[in-house]
Structures are given as C-alpha cells and as structure tokens.
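Chain residues, written in single-letter form:
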Amino acid sequence: LAAPLGPANVGSNSAKAGSSIELLQNSHITGFVQSCGGIKNQGGRVDGEIRELWPNPSELPEMSAAMFDPRRPDPSDENVIYTKLPAGTFHDLEVNAHNVVAGNLEVNGALKLNDSLLFVDGDLTVKGGLNGQGALGVRGRVKISGASHLRAQSRVAVVADGNITLLGEDRASQ
C-alpha cells in the first residue's frame, strides 16, 4: 500500500477570468486550491477548500529562472563547474550536480534529479514524469506529464519564466 499523502496546496495569483487553475480528471490535491482568478475543475479531487476569486494574492518571493543558472553571475566564467547537456530530445534523463542545457529540452521518458540542478535556457517538456530531489530553472515554458511523485520527501523546486503545466496520469500522480 502507498503511504498516505500529506497536505499539498496549489495556488495562483493570476486574476485571469475563466480559469487561472485547471484541474483535470484524475488530479488529486491533498490540500486547498486557491486562486485570485477562476478555477476550472474537470473532475479533479480536492481534499481541502476550493478558494476561487480569492481577494488576497499570496506573498511570493520574486524569483526568475536566471537565479538557477550555475554560470551566474558571468556566463563566460570558465571556473564555474557544471555539465553542459545538449539541447534536443532524450528518452529518459537522470542528472547529477549542476547541469545547463542551452536550448529546448524534451524528455520522452522520466526526468530524475539526484540532488541536482538542471537549468534549461529554453523550454522544457517531460513526458514521463519528474522525480527525485533538486531544482529546475527554466527560461521558457515547462510542461510535465506522466506520473510525477512530488511528495514532501521529493523536494523538487520548479521555477520558470514561462507557464508551468503539470498533467498527471492517475490518482498516484501528484
């Protein structure tokens, strides 16, 4: 049997009319869902409250994907230690330490972070789920589908300058 899920909340400060959060069938949020805009629930399960048109935006730290670029503050600095990964398509990808992709990255299988940082200077698409421990910094859009197990012990951070889309497969996907 799977371990019981702890509370996990989802929020958006977007005041977009219609839906700033969309919960698709088989989504399961173990905490509350809060949005300054609309929430479109298409069969998802929410264990806590659904707080639509919430009047008070949540305080969020100011962050950009550039903060996760291991080449900072000078991208031409040859003394910074990181691995250059090629842009393009991988079947599965497991990363360690600090990694930089100069361009778009597509992973048709699983992306696993081993206490690592992956910085993508473009868009990131993952079709087989995100797992492990570490951080993603993406200058473009992020789309993650498949079985991602983002529990408290996973400790995965995703920061993107573009939109972030998470599409789970079933009730086991977080």
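This text goes with the structure placed above it.
Residues numbered from 1 in each chain as written. Predicted model: local features only at pLDDT ≥ 70, side-chain atom pairs only at ≥ 80, totals over all residues. Heavy atoms only, no water.

For this particular structure, what's the right way to read the pairing of strand E10 (residues 93-101)?
Looking down a regular strand, the side chains alternate between one sheet face and the other. Of the pairings in the sheet, the one linking strand E8 (residues 83-85) to E10 comprises three bridges and is parallel in character. From the neighbouring strand, threonine 83 faces E10, where its bridge partner is asparagine 99. (Pairing = 2+ DSSP bridges. Helix = DSSP H or I, 4+ residues; strand = E, 2+ residues; numbered from the N terminus.)

Is there a simple way to think about the pattern of salt bridges in this case?
Where side chains of opposite charge bring their charged atoms close, a pairing between them can arise. Counted by the stated rule, this structure contains seven salt bridges. In the salt-bridge network here, residues are joined through shared partners; they are Asp69, Arg71, Asp121 and Arg139. (Salt bridge = Lys/Arg side-chain N within 4 Å of Asp/Glu carboxyl O.)

How do you make sense of the side chain of arginine 71 when you look at a structure like this?
Relative to the helices and strands, arginine 71 resides in the loop between strand E7 (50-51) and E8. A polar atom in the side chain of arginine 71 sits 2.9 Å from the side chain of aspartate 69. Residues in contact with arginine 71, not counting those within four places in the same chain, are Val80, Tyr82, Val100, Phe119 and Asp121. (Polar contact = N/O pair within 3.5 Å; in protein donor to acceptor, adjacent residues only side chain to side chain. Contact = heavy atoms within 4.5 Å.)

Just to check I follow, could you spell out the nonpolar core for this structure?
Considering soluble globular proteins, one finds that nonpolar side chains tend to be buried as a cluster. Ranked by size, the top nonpolar core spans 18 residues in total, and within it Leu93, Leu105, Leu111, Leu118, Leu124, Leu136 and Val138 carry the most contacts. Taken together, the elements giving at least two residues each to this core come down to E10, strand E11 (105-107), strand E12 (111-120), strand E13 (124-126), strand E14 (130-138) and strand E15 (142-145). No other element matches E12, which puts four residues into this core. Not counting chain neighbours up to four residues away, the residues in contact with leucine 93 comprise Leu85, Leu105, Val107, Ala110, Leu111 and Lys112. In this structure, Ala65, Phe68, Phe119 and Ala135 belong to the second largest nonpolar core, which totals seven residues. (Core = buried A, V, L, I, M, F, W, Y, C linked by side-chain atoms within 4.5 Å. Buried < 20%, exposed > 50% of the residue type's maximum accessible area, 1.4 Å probe, protein only.)

That is the geometry; function is a separate question.
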